[in-house]
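The chain contents come next:
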Amino acid sequence: LHAKGLRKVYGSKGHTYTAVQDIELDIHKGEFVGIMGPSGAGKSTLLNILSTIDSPTSGTLHVNGKRIHQLKDEELSNFRRDKLGFIFQDFNLLDTLTVKENISLPLALANVASREIESRVKEVAAIFGIERILNNYPYEISGGQQQRTATARAIITKPSLIFADEPTGSLDSKSAFNLLQTLTHLNVQEQATILMVTHDAYAASFCSRVLFIKDGAIYTEIRKGEKNRKI
Ligand code: ADP
Ligand code: ADP
């Protein structure tokens, strides 16, 4: 992932607010990167731009060698579907679908054969320990189970890049540990690249590198095993 001069300005004439600015960033395959900083610093805005969900006001973003904001809508949708996984704090589970149907959705949308879907659902359900709630609806399960369901859905396509916004924000410490352990497993075993916004120093301790954001800009970063480095 290669970002150059990213900037995001909200509002229009006279009432503008620069939420993100001067972002120069390279993230290599297999990194587990945390994004920290005070509330309102621009973390979510930056993550949304890097995850291709939002467009920058200026600057360029390449992911897997593709210049994202030059892709046609359909190309971008296919790229997201095939390569990217999203984990958000509000789980975005569909209430009219069961846990199993929610988890299957990305594969169903990609026209994967139902036998393959069955076996992948089994696989991720086992990872997250949610085998017994597959036929429940989201409103029937706990917050931690909803988070695990959402995470299972995010990784069922085996994304090469995973974006997570405060994924442990609403979890108790045991569920948070399980989630972080799963992300670490995907990072180490599957070489998934992970970007995670977090307030939580414990969550950040799982990252190989943490970016600190203030007033919309990266002001420092720390790599595991390295001393604090000013940019
Ligand atoms: P963080 O995730 O670090 O809390 P955000 O990226 O959510 O910060 O927000 C950064 C700043 O941009 C905040 O001041 C916020 O109010 C503003 N902002 C975020 N989204 C919008 C929007 N859609 N329209 C206008 N301002 C926004
Ligand atoms: P489509 O063209 O099929 O509607 P989108 O471009 O809207 O596809 O989204 C592609 C994928 O990106 C979706 O599967 C979805 O999981 C994810 N995505 C896009 N926007 C958001 C969002 N705001 N919140 C969570 N996930 C999103």
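Note that the structure is a prediction, hence the values are computed from the model and not measured.

Scoring rules and cut-offs
- Residues numbered from 1 in each chain as written.
- Chains lettered and ligands numbered in written order.
- Predicted model: local features only at pLDDT ≥ 70, side-chain atom pairs only at ≥ 80, totals over all residues.
- Heavy atoms only, no water.
- Helix = DSSP H or I, 4+ residues; strand = E, 2+ residues; numbered from the N terminus.
- Rg over C-alpha atoms; globule rule 2.2 N^0.38 Å.
- Contact = heavy atoms within 4.5 Å.
- Areas by Shrake-Rupley, 256 points an atom, 1.4 Å probe, with all protein chains shown as cover.
- Lys, Arg positive; Asp, Glu negative; His and termini not counted.
- Charge placed at Lys NZ, Arg CZ, Asp CG, Glu CD.
- Core = buried A, V, L, I, M, F, W, Y, C linked by side-chain atoms within 4.5 Å.
- Buried < 20%, exposed > 50% of the residue type's maximum accessible area, 1.4 Å probe, protein only.
- Salt bridge = Lys/Arg side-chain N within 4 Å of Asp/Glu carboxyl O.
- Pairing = 2+ DSSP bridges.
- Axes fitted to C-alpha atoms, helices over the stretch in contact; angles between N-to-C directions.
- Near = heavy atom within 4 Å.
- Polar contact = N/O pair within 3.5 Å; in protein donor to acceptor, adjacent residues only side chain to side chain.
- Nonpolar A, V, L, I, M, F, W, Y, C, P; charged D, E, K, R; others polar.

A.B. asks: Account for the overall build of the protein chain, naming residues and giving values.
C.D. replies: Scanning the protein chain for helices and strands turns up 7 helices and 11 strands. Taken over the C-alpha trace, the protein chain has a radius of gyration of 18 Å; the compact-globule value for 231 residues is 17 Å, and the two agree within 12%. In terms of overall dimensions, the protein chain has C-alpha extents of about 50 × 40 × 35 Å along its principal axes. Pairs at least 24 residues apart make up 66% of the contacts formed inside the protein chain by residues separated by at least 6 positions. In the structure as shown, the protein chain presents an accessible area of about 11,900 Å², 49% of it carried by carbon and sulfur atoms. When the 28 positive and 25 negative side-chain charges of the protein chain are each reduced to one mean point, those points stand 4 Å apart.

A.B. asks: Explain the nonpolar core residue by residue, including any values.
C.D. replies: If you look at the biggest cluster of nonpolar residues, it comprises 36 residues, and the most contacted ones within it are Phe32, Val99, Ile103, Ile130, Ile162, Leu183 and Met196. Among all residues touching Phe32, those that are not within four sequence positions of it are Leu183, Thr184, Asn187, Ile194, Met196, Phe206, Cys207, Ser208 and Arg209. Of all hydrophobic cores here, the second largest spans 28 residues; its members include Leu47, Ile49, Phe163 and Leu195.

A.B. asks: Explain the pattern of salt bridges to me, using residue names and the numbers behind them.
C.D. replies: Applying the stated criterion to the full structure yields 8 salt bridges. Arg209 is the partner of Glu31 in a salt bridge, and the nearest nitrogen-oxygen pair spans 2.9 Å. Within this pair, whereas Glu31 is found in the loop between β2 (17-26) and β3 (32-36), its partner Arg209 is found in strand β9 (residues 209-214), the two being separated by 178 residues in sequence. Lys158 is the partner of Glu123 in a salt bridge, and the nearest nitrogen-oxygen pair spans 3.4 Å. Here Glu123, found in helix α4 (residues 114-128), pairs with Lys158, found in the loop between α5 (143-155) and β7 (161-165); they are 35 residues apart in sequence, far enough to count as distant. Judged by its relative accessible area of 41%, Glu123 falls in the partly exposed class.

A.B. asks: Quick one: what's the story with the sheet that holds β2, residue by residue and with numbers?
C.D. replies: Spatially, the 4 strands line up as an open sheet ordered β2-β1-β4-β5, and their pairing is antiparallel. In this open sheet, the two edge strands, each paired with only one partner strand, are β2 and β5 (66-67). Direction of pairing for strand β4 (residues 58-63) relative to β5: antiparallel, over a ladder of 2 bridges. Within β5, the position partnered with Val63 by the bridge is Lys66. Running at roughly 125° to strand β1 (residues 2-10), helix α1 (residues 43-50) makes contact with β1, β2 and β4 of the sheet.

A.B. asks: How would you sum up the site of ligand 1? Please name residues and give values.
C.D. replies: Around ligand 1, the structure places Tyr10, Tyr17, Ala19, Pro38, Ser39, Gly40, Ala41, Gly42, Lys43, Ser44 and Thr45. One nitrogen or oxygen atom from the main chain of Gly40 is found 2.7 Å from an oxygen atom belonging to ligand 1. Within the backbone of Ser44, one N or O atom sits 2.8 Å away from an oxygen atom of ligand 1. Contact with the protein chains removes 58% of the 560 Å² of surface that ligand 1 exposes when unbound. Counting only elements with at least two residues in the shell around ligand 1, the list comes to β2 and α1. In terms of residue count, the dominant contributor to the shell around ligand 1 is α1 (3 residues). Class assignment for the residues of the shell around ligand 1 results in 5 nonpolar, 5 polar and 1 charged.

A.B. asks: Go over the side chain of Ser104 with me, naming the residues and quoting the values.
C.D. replies: Here Ser104 is to be found in helix α3 (residues 99-109). Among all residues touching Ser104, those that are not within four sequence positions of it are Ile117 and Val121.

A.B. asks: Requested: an account of α1, with residues and values cited.
C.D. replies: For α1, the tally of buried residues reaches 6 of 8 residues, placing the bulk of the element in the interior. Those residues of α1 not exposed but buried are Lys43, Thr45, Leu46, Leu47, Ile49 and Leu50.

A.B. asks: Before we move on, could you go through the site of ligand 2 and cite the residues and values that matter?
C.D. replies: Every residue close to ligand 2 is listed here: Ile53, Ser77, Arg80, Phe86, Phe88 and Asn92. Within the side chain of Ser77, an N or O atom sits 2.8 Å from an oxygen atom of ligand 2. Here an oxygen atom of ligand 2 sits 2.4 Å away from a polar atom, N or O, in the side chain of Arg80. Its free accessible area being 550 Å², ligand 2 has 43% of it covered by the protein chains. In terms of residue class, the shell around ligand 2 is built from 3 nonpolar, 2 polar and 1 charged.

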